[in-house]
Amino acid sequence: MRKRVLPILALLLSAAPPARAAGFATAVLDAGEDTVRAVRARDLTGDGRPEIVAFADGPRGGAVHVFPATGGGALAVLRPAEAGCRDVFYAFAAKTRPDGPAEIVVVDLAKGVAAFALEAAEGGAAAGHRFGAPRVLAEAPALPFPPDPSRLTVLDAEVDLDGDGVEECVLPGADGYRIIASGRAPRHLPLPVPPALEYSAHRSLLLAFAIPRLKPLDLDGDGRTDLAGGLPGEIHVFAQGPDGAFAASRLPFPALAPRPPDEERASAALEDVDGDGKADLLLTQTPARVGLFERFTSQHSLFLGPALFDADGSGRLATPASSFKVDGLSVNPALFDFDGDGDRDLVVTSLGVDMQSRLMKRVMADYMVFRYDAEARGFERQPLFRVSRPFPIAQLEANSTAPVCFLSGDFDGDGARDLLDTADGGHITILAGTSDTGFLSADRYGFRQEIFRARAEVGNDVRIGDLDGDGADDLLAWRGGLVYLVRSQR
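Every value quoted in this text rests on a predicted model; they were computed, and no experiment measured them.

1. So, the pairing of strand β30 (residues 385-390)
Part 1 of the argument: Here β30 shows a clear split, with Phe 385, Val 387 and Arg 389 buried on one side and none of Arg 386, Ser 388 and Pro 390 buried on the other.
Part 2 of the argument: Two elements, strand β27 (residues 363-370) and β30, share six bridges in a ladder whose sense is antiparallel. Paired with Ala 365 across the strands is Arg 389, a residue of β30.

2. Focus on the side chain of Asp 108
Part 1 of the argument: With respect to the helices and strands, the residue Asp 108 is situated in strand β7 (residues 103-108).
Part 2 of the argument: Here Asp 108 is buried and forms no salt bridge, its nearest opposite-charge partner Lys 111 lying at an N-O distance of 6.5 Å.
Part 3 of the argument: In terms of polar contacts, Asp 108 uses its side chain to reach the backbone amide nitrogen of Ala 110, at 3.0 Å.
Part 4 of the argument: Setting aside anything within four residues of it in sequence, one finds Asp 108 in contact with Cys 85, Arg 86, Asp 87, Val 88 and Ala 140.

3. Remarks on the nonpolar core
Part 1 of the argument: Counting residues in hydrophobic clusters, the biggest one holds 21 residues, and the most contacted among them are Phe 55, Ile 104, Val 106 and Phe 131.
Part 2 of the argument: Put simply, the parts of the chain that give this core at least two residues each are β3 (51-58), β4 (61-67), β5 (76-78), β6 (88-94), β7 and β8 (112-116).
Part 3 of the argument: At three residues, β6 tops the list of elements feeding residues into this core.
Part 4 of the argument: Those residues in contact with Val 106, other than ones at most four positions away along the chain, are Pro 80, Cys 85, Val 88, Tyr 90, Ala 91, Gly 112, Val 113, Ala 114 and Phe 116.

4. Quick notes on the sheet that holds strand β12 (residues 153-154)
Part 1 of the argument: Taken in spatial order, the five strands of this open sheet run β11-β8-β7-β6-β12, and their pairing is mixed. Single-partner strands in this sheet number two, and they are β11 (135-138) and β12.
Part 2 of the argument: Where β8 and β11 come together, three bridges link them in antiparallel fashion. Residue Ala 114 lies in a different strand from β11, and its bridge partner there is Val 136.

5. Things to note about the sheet that holds β4
Part 1 of the argument: Strand order in the open sheet made by the four strands is β2-β3-β4-β5, with antiparallel pairing throughout. At either end of the open sheet lies a strand with only one pairing partner, and these are β2 (35-42) and β5. Each strand of the sheet is rotated relative to its neighbour by a mean of 20°, with strand direction disregarded.
Part 2 of the argument: Taken together, the seven bridges between β3 and β4 define a ladder with antiparallel strand orientation. If you follow Gly 58 over to β4, its bridge partner there is Gly 61.

What counts as what
Residues numbered from 1 in each chain as written. Predicted model: local features only at pLDDT ≥ 70, side-chain atom pairs only at ≥ 80, totals over all residues. Heavy atoms only, no water. Buried < 20%, exposed > 50% of the residue type's maximum accessible area, 1.4 Å probe, protein only. Helix = DSSP H or I, 4+ residues; strand = E, 2+ residues; numbered from the N terminus. Pairing = 2+ DSSP bridges. Lys, Arg positive; Asp, Glu negative; His and termini not counted. Salt bridge = Lys/Arg side-chain N within 4 Å of Asp/Glu carboxyl O. Polar contact = N/O pair within 3.5 Å; in protein donor to acceptor, adjacent residues only side chain to side chain. Contact = heavy atoms within 4.5 Å. Core = buried A, V, L, I, M, F, W, Y, C linked by side-chain atoms within 4.5 Å. Axes fitted to C-alpha atoms, helices over the stretch in contact; angles between N-to-C directions.

Right, here's the structure in full:
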């Protein structure tokens, strides 16, 4: 069926008005019978240009499809089970050797942490590419539950912790984390208080809520990369010292709202919001039991830089630099630099639920962007813009998250940030920014000229980056077995 639909999708992607879409080239990359779960852009061939890496699963188990960044058929397909890795738990791409490009890394229950390099077939690159035999980096860490061989859990586990150009792999396990580096003994980072783990078929939810996925950031501004991740009600921090060792700590979230703690759900986001080189913390507190409240109010509190903790050594959070409330039930808050000033702005999806009938059959969502105000050390109280749309209630019931919907990047290469809308009535739309007002017109809520529009249903996650080195951002989005590539043409 997909083979018959594919030409239609490709035609639709190229069917934007010629005057507006002349600066973009589009392509549809097909993973065949596999379903794409995540897409990354990494240089696997060593030519200095990234390839498009699609992690997928399907009737033949997990698979990794590698496409050229210019579009076209797959350069190679890796099926770990056919290479002897039949119990794969995690998969990602990492540069594990100083003298080679990035590789596909999998964590297999039996073989351990194994790296697959993309190689030119006999006869050179013109003859095609293939994946070599797995190179074992370390034993597999103790896992929280048995792997599901039909699915790949894709991580962003790679990070260069010591600045040597080689990426270490930070892998969550049942009792903490393992830092894996080629040629070195693995290092163990134990959790301060190991959480009680329960088996869940939805592994991404278990990893998100039972074991935090650590992200690299400089928490204290000392120039060294720390690791931190949030759990419901607390945050785990591994601070790197001068000797490269990590000190673990845990920080409980304070109660932000006047309701009892068991009626609140707090989520954390760690980013450098104000551009000072230190990680900042955004806490969002929402009702945990929706049926208790006729009106919903979500509270957002921002803790900045060195003021994250009280100076008395108690380990408690300091007073937030900024705190404000949003009417509605906020889900999936995210931080992005929308206006190109170097500070992170806040995007909030606020759900207005009609509780009079007690039936959540129709939910409207307000997608809002609040700009960071450096002078006030907080987010502006009025949204930069607001758009109301029906919200897919089936998605809320499935995983309580909302589409991010709005993202930004410099897609036309003019130095100003443009607005990307991935949920515009089944379309992908790019609206051009200007040098004086960012991507909005002078009336603050209006959009500038539409420079790209194509019909494509995509998921929540997209990738934005300069794939071809022309100074303008490109777009990767996906749904099902198809990856949509939108490249700038300068």
